[in-house]
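Results of the structural survey
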Amino acid sequence: MNTYICNDLHIGVQRSGGTTPKSAAALRAYAHEQHRTLMAHAKDGDRVIVNGDLTDTFDLELSDTLEVYWSAAQFLTERQRSQLIWCVGNHDLSKDSSKLGTVAFIGALLESAFPRRFQLVTEPTDLSGDIYVIPHLTNQSLFELALDAVPDGTKYLLLHCNFDNPFAGQQDHSLNLTRDRVAGFRDRGITVVLAHEHQGRTAFAGKLIVVGNQFPTSIADCLSHGEAQVDGRKRLMVIRPDGGHEFVTTWSRDGAYGAKFAEVPWSDTVSAPEDAMFIRITGRAEAEQAADVASAISKLRQRHGAYVITNAVQVAQVDTPEVSESLEDIRTLDVFELLLEHLTPDQQTVVRRIKEEAAC
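Here's the deal with the overall build of the chain
Counting its secondary structure elements, the chain contains nine helices and 19 strands. Considering only residue pairs separated by 6 or more positions, the chain has 65% of its internal contacts joining residues 24 or more positions apart. If you sum the accessible surface of the chain, you get close to 17000 Å²; carbon and sulfur atoms cover 51% of it.

Structure (structure tokens):
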């Protein structure tokens with residue numbers, strides 16, 4: 001039996017920056033599609049573990065909730081000998097423990113419909129004798145106690161936290177794993193498999209594996225910041241029956257495994273590839289060109305089908321009142337024009353009149 005490990009799918013993601021209502025809806029549909037694609041790697045008898053942050057928020061909209069349920073139910077129905085395990089991450093849980101989240105709700109339904117083949121992990125759990133998981137916990141103190149209790153004989157320790165970030169443990173709803181902890185697990189022969197961070201990398205001679213997420217839902221996800229993404233790829237981790245592990249490529253920036261990423265100069269947005277679904281507009285502009293930059297990006301968003309188009313253009317700053325007022329006008333115009341794209345002609349007329357009256 002192979003065990004497939006994925007994480008940080010962020011289904012139901014709501015991106016405000018770089019999207020229009022239409023492209024934001026397409027991005028959410030894309031995440032559902034990728035969820036099903038990841039599970040499809042598993043054959044009948046294999047196991048799939050979602051190591052936290054299946055969802056982007058603890059309270060998904062009902063349409064997304066139903067889609068997640070049916071995707072999971074279909075997987076378990078088609079693979080009568082397979083298991084599906086969801087470990088909760090920080091995005092799957094409410095900061096108010098009295099509120100039932102979407103993952104917990106769907107999990108209860110799946111556990112009832114598929115007993116012994118679906119499992120929702122909300123506390124430290126031994127999954128098979130050699131895989132031990134600690135899901136997201138409410139604070140750093142509880143997390144440290146759980147780390148102390150990892151049993152001997154564990155080969156793979158699955159966690160959902162930051163690595164070597166001393167500030168994370170002090171933040172609400174965030175956890176941190178120290179280098180000393182990893183060294184201690186390494187000395188015990190335990191490989192730590194980390195979720196939560198979206199950029200993949202390895203450390204401690206391979207005894208720390210930050211898997212990274214399997215597909216992007218933002219421009220930041222597309223950029224290469226880790227060892228696993230030197231060649232612009234993302235990966236799915238597979239633990240084999242012999243105890244070893246390997247990786248399966250699930251996404252690449254060139255579009256060979258799905259949604260393509262492209263960087264496009266602001267001065268030549270017409271060159272943006274039509275099949276690019278994540279576009280980063282780059283380059284440098286003088287202050288007097290700021291309006292041209294905003295216009296070029298706005299026009300690209302209107303005509304292109306990309307999920308996300310973000311502005312990474314460096315605009316030279318001139319510390320004068322005239323430039324500050326001009327930039328503020330540009331921001332207002334950009335948002336206003338984006339709004340008009342989604343209104344009927346009659347509605348546009350009314351909104352334009354209101355804007356003109358407000359300017360008087």
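Regarding the pattern of salt bridges
Tallied over the full model, the rule gives 14 salt bridges. With its nearest N and O atoms 3.3 Å apart, the salt bridge here joins Arg240 to Glu246. The exposure class of Arg240 is partly exposed, given its relative accessible area of 28%. Residues joined in a network through salt bridges with shared partners are Glu144, Asp148 and Arg181.

Points about the side chain of His35
If you trace the backbone, His35 turns up in helix α1 (residues 21-39). When neighbours within four sequence positions are excluded, His35 is seen to be in contact with Leu9, Ile11, Leu54, Val68, Ser71 and Phe215.

A short note on the state of the cysteines
Across all of its chains, the model carries zero disulfides by this definition. Free cysteine Cys87: the closest other cysteine sulfur is in Cys6, separated by 9.8 Å. Take Cys87: its relative accessible area is 3%, and that puts it in the buried class.

Some remarks on the nonpolar core
A general feature of soluble globular proteins is that nonpolar side chains tend to end up buried together. Grouped together as the largest cluster of nonpolar side chains are 43 residues, with contacts concentrated most on Leu84, Trp86, Leu110 and Phe278. Top element by residues in this core is helix α2 (residues 62-78). It accounts for six residues. Discounting chain neighbours no more than four positions away, the residues touching Trp86 are Val50, Leu54, Val68, Ala72, Val103, Ile106, Gly107, Leu110, Phe118, Gln119, Leu120 and Val121. Counting residues in hydrophobic clusters, the runner-up holds 22 residues, among them Cys161, Leu175, Phe204 and Leu208.

Overview of the pairing of strand β3 (residues 83-87)
Of all five residues in β3, four are buried, a share of seventy percent or more. Pairing of strand β2 (residues 47-51) with β3 involves five bridges; the strand directions are parallel. The residue bridging Val50 from the neighbouring strand is Trp86, located in β3. Once the chain exits β2 it traverses α2 before rejoining the sheet at β3, and the crossover so formed is right-handed. In the sheet, β3 pairs with strand β4 (residues 118-121) via four bridges, with the strands oriented parallel.

Overview of the packing of α2 against helix α3 (residues 102-113)
At a minimum axis separation of 10 Å, α2 and α3 run at an interaxial angle of 35°. The chirality of how α2 crosses α3 is right-handed. In this structure, α2 uses Thr65, Val68, Tyr69, Ala72 and Ala73 to contact α3, whose residues at the interface are Thr102, Phe105, Ile106, Leu109, Leu110 and Ala113. When its residues are assigned to classes, the contact of α2 with α3 shows nine nonpolar, two polar and no charged.

Criteria and thresholds
Residues numbered from 1 in each chain as written. Predicted model: local features only at pLDDT ≥ 70, side-chain atom pairs only at ≥ 80, totals over all residues. Heavy atoms only, no water. Helix = DSSP H or I, 4+ residues; strand = E, 2+ residues; numbered from the N terminus. Contact = heavy atoms within 4.5 Å. Areas by Shrake-Rupley, 256 points an atom, 1.4 Å probe, with all protein chains shown as cover. Salt bridge = Lys/Arg side-chain N within 4 Å of Asp/Glu carboxyl O. Buried < 20%, exposed > 50% of the residue type's maximum accessible area, 1.4 Å probe, protein only. Disulfide = S-S within 2.5 Å. Core = buried A, V, L, I, M, F, W, Y, C linked by side-chain atoms within 4.5 Å. Pairing = 2+ DSSP bridges. Right-handed = clockwise from strand over helix to strand, strands pointing away. Axes fitted to C-alpha atoms, helices over the stretch in contact; angles between N-to-C directions. Left-handed = near helix turned anticlockwise from the far one by under 90°. Nonpolar A, V, L, I, M, F, W, Y, C, P; charged D, E, K, R; others polar.

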